[in-house]
Amino acid sequence: MKILGVESSCDETGVALVEFAGRAMPRLLAHALHSQADMHEAYGGVVPELASRDHIRRVIPLTRQVLEEAGVHRREIDLVAFTQGPGLAGALLVGAGFAAALGQALGRPTLPVHHLEGHLLSPFLSADPPAFPFVALLVSGGHTQLMRVQAVGHYELLGETIDDAAGEAFDKSAKLLGLGYPGGPALARLAERGRPDAFALPRPLMHQGGLDFSFAGLKTAVMTQHRKLGPAPAPQALSDLAASTQAAIVDVLVHKSMAALRQTGLRRLVVAGGVGANAELRARLGEACAARGVRIHYPELSLCTDNGAMIAMAAAMRLQAGLVGAQAGAEALASRSFEVRPRWPLETC
Ligand code: KG4
Ligand code: ZN
């Protein structure tokens, strides 16, 4: 069975083709991605209307590219999966509308996918796929969550951020330091030359018993320290502040992930979402997990941030798990309607 996956929830248009037979692990035939980061950089963040318009421009050429690379004709697509939410309403509508139209034209069903389920299951496309059950640390631009994952579709929320997401903490701190958008990778690069203990920054909720996160206070602390550096800070001071900020975020993420593993008694950790690409986080989690005999799994680096492959993969795994029959798609096809869910808790999907 060949599934086309379409992702358009934020500022990346992603299209991919995944194939599976029976219960065998689905494999990626081709994927293509267009990041709008350069377009939004001038505004210091994602401009929703511009994002929607750019998705419209990109989605068809990217689909053609994927089919060509895979050597597959569009008539061979068995199902079109798309990100239904959470995300920007207008951006989601582009992917949903495209999927509905393509499904209709081909006489094939469509399948709505939860964006975070895509991130969560993306490591199954890697060379070292995890096994169920596991603890998942989901760290993206909009979400920071710890989940207990029993099986496909069985997700229990253990803890989440009560304010900013980890990615947002990276992005907002980077903006304060005068770095471009998206701030995470830029801040990580600057941090390479800095001392992580140069500035004492808060690690909110780290030593409270629960598994919730709070990152909003961190950006205020970064702002205060940045002001103290004066109007023309020395490059080394900026690197030190970047390294200290990254260390504060990473400390909390590592600490809470270990607490979640202790609490659940599970010995497997999956890390997914854009912040999972952070080298310092990977190094620190690697050490902490090795010390506790915990196996750690990541998606391929190129599939850490938003992409269509994870959407096609989540659809394939839901089908394999029997969570959606052809019926759901047939109903959608019959109604010729589509809807998006900009806010959609993962536990309910
Ligand atoms: O999962 P993702 O691509 O999009 C959302 O679903 O939000 O995550 C984007 C987030 C942004 O906040 C970005 O700054 C962050 O992931 N990010 C990183 C790195 N690469 C991406 N943060 C820290 N270090 C990185 N290397
Ligand atoms: Zn994402």
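Look a little higher up for the structure.
Report on the accompanying structure. (Residues numbered from 1 in each chain as written. Chains lettered and ligands numbered in written order. Predicted model: local features only at pLDDT ≥ 70, side-chain atom pairs only at ≥ 80, totals over all residues. Heavy atoms only, no water.)

Focus on the site of ligand 1
With respect to spatial proximity, 18 residues lie near ligand 1, and among them G141, D171, G184, G274 and N278 are the closest. Residue D306 places a main-chain N or O atom 3.2 Å away from an oxygen atom belonging to ligand 1. In the complex, the protein chains occlude 86% of the 560 Å² of accessible area that ligand 1 would expose alone. For the shell around ligand 1, the secondary structure elements donating two or more residues are α4 (115-121), α5 (166-176) and α6 (183-191). Residue contributions to the shell around ligand 1 peak at three residues, all from α5. (Near = heavy atom within 4 Å. Polar contact = N/O pair within 3.5 Å; in protein donor to acceptor, adjacent residues only side chain to side chain. Areas by Shrake-Rupley, 256 points an atom, 1.4 Å probe, with all protein chains shown as cover. Helix = DSSP H or I, 4+ residues; strand = E, 2+ residues; numbered from the N terminus.)

With respect to the nonpolar core
In this structure, L137, L253, L269, V271 and L285 are the most contacted members of the largest nonpolar core, which totals 47 residues. Those elements that place two or more of their residues in this core are β6 (134-139), α5, α6, α7 (216-228), α8 (235-264), β9 (268-272) and α9 (279-292). The element best represented in this core is α8, accounting for 14 residues. Excluding residues within four positions of it along the chain, L269 makes contact with V135, L137, S257, L261, L285, C289, V294, R295, I296 and H297. L138, Y155, I311 and A314 belong to the second largest nonpolar core, which has 37 residues in total. (Core = buried A, V, L, I, M, F, W, Y, C linked by side-chain atoms within 4.5 Å. Buried < 20%, exposed > 50% of the residue type's maximum accessible area, 1.4 Å probe, protein only. Contact = heavy atoms within 4.5 Å.)

Things to note about the sheet that holds strand β1 (residues 2-7)
Here five strands make up an open sheet; going across it, the order is β3-β2-β1-β4-β5 and the pairing mixed. Both outer strands of the open sheet, β3 (27-35) and β5 (110-114), are each paired with one neighbouring strand and no more. Going across the sheet, the axis of each strand differs from the next one's by a mean of 20°, ignoring polarity. Bridging between β1 and strand β2 (residues 12-19) involves six bridges; their strand directions are antiparallel. In the sheet register, I3 faces β2, and the bridge partner there is V18. Of the strands in this sheet, β1, β2, β3, β4 (79-85) and β5 touch helix α10 (residues 309-320), which is tilted by about 135° from β1. (Pairing = 2+ DSSP bridges. Axes fitted to C-alpha atoms, helices over the stretch in contact; angles between N-to-C directions.)

Quick word on the pairing of β9
For β9, the buried fraction is high: four of the five residues fall into the buried class. Taken together, the four bridges between β6 and β9 define a ladder with parallel strand orientation. Its bridge partner lying in β9, L138 is registered against A272. Bridge count for β9 against strand β10 (residues 295-297) is three bridges, and the pairing is parallel. Within β10, the position partnered with V270 by the bridge is H297.

What about the packing of α8 against α9?
The interhelical angle for the contact between α8 and α9, taken along N-to-C directions, is 30°, at an axis separation of 10 Å. Classed by the angle they form, the pair α8 and α9 counts as roughly parallel. In terms of crossing hand, the pair formed by α8 and α9 is right-handed. On the side of α8, the interface is formed by Q246, V250, D251, L253, V254, S257, M258 and R262, while α9 contributes E280, L281, R284, L285, A288, C289 and R292. Partitioning the contact of α8 with α9 into residue classes produces eight nonpolar, two polar and five charged. (Parallel < 35°, antiparallel > 145°, perpendicular 65-115°, else oblique. Left-handed = near helix turned anticlockwise from the far one by under 90°. Nonpolar A, V, L, I, M, F, W, Y, C, P; charged D, E, K, R; others polar.)

Here we look at the packing of α5 against α7
Packing of α5 against α7 leaves a shortest axis separation of 9 Å and a crossing angle of 15°. The angle between α5 and α7 falls in the class roughly parallel. Of the two possible hands of crossing, α5 and α7 adopt the one that is right-handed. Residues K172, S173 and L176 of α5 form the contact with α7, whose own contacting residues are K219, V222, M223 and H226. Grouping the constituent residues of the contact of α5 with α7 by class yields three nonpolar, two polar and two charged.

Quick word on the pattern of salt bridges
Pairing between side chains becomes possible if they bear opposite charge and their charged atoms approach one another. All told, the structure shown has 14 salt bridges when counted by the stated rule. For the salt bridge of D164 with K219, the shortest nitrogen-to-oxygen distance reads 3.1 Å. Separated by 55 residues along the polypeptide, D164 in the loop between β8 (154-160) and α5 and K219 in helix α7 bring together distant segments of the chain. By relative accessible area, D164 is classed as buried at 8%. Its salt-bridge partner being D251, residue R284 comes within 2.8 Å of it at the nearest N-O pair. In this pair, R284 sits in helix α9 while D251 sits in helix α8, placing the two residues 33 residues apart along the sequence. Counted as one network, the salt bridges with shared partners bring together D164, E168, K172 and K219. (Salt bridge = Lys/Arg side-chain N within 4 Å of Asp/Glu carboxyl O.)

A closer look at the packing of aromatic side chains
Per the stated rule, a full pass over the model turns up four aromatic pairs. The interplanar angle of 45° and the centroid separation of 6.3 Å between the aromatic rings of F124 and F134 together place this pair among those described as tilted. Here the residue F124 occupies a position in the loop between α4 and β6, and F134 occupies one in strand β6, the gap between them amounting to 10 residues. Residue classification places F124 among the buried residues on the basis of a relative accessible area of 4%. The class for F134 is buried, based on a relative accessible area of 0%. Centroid distance F132 to F134: 5.4 Å. Interplanar angle 15°. Geometry classified as stacked. Given a relative accessible area of 30%, F132 falls into the partly exposed group. (Phe/Tyr/Trp six-rings, centres within 6.5 Å; stacked < 30°, edge-to-face > 60°.)

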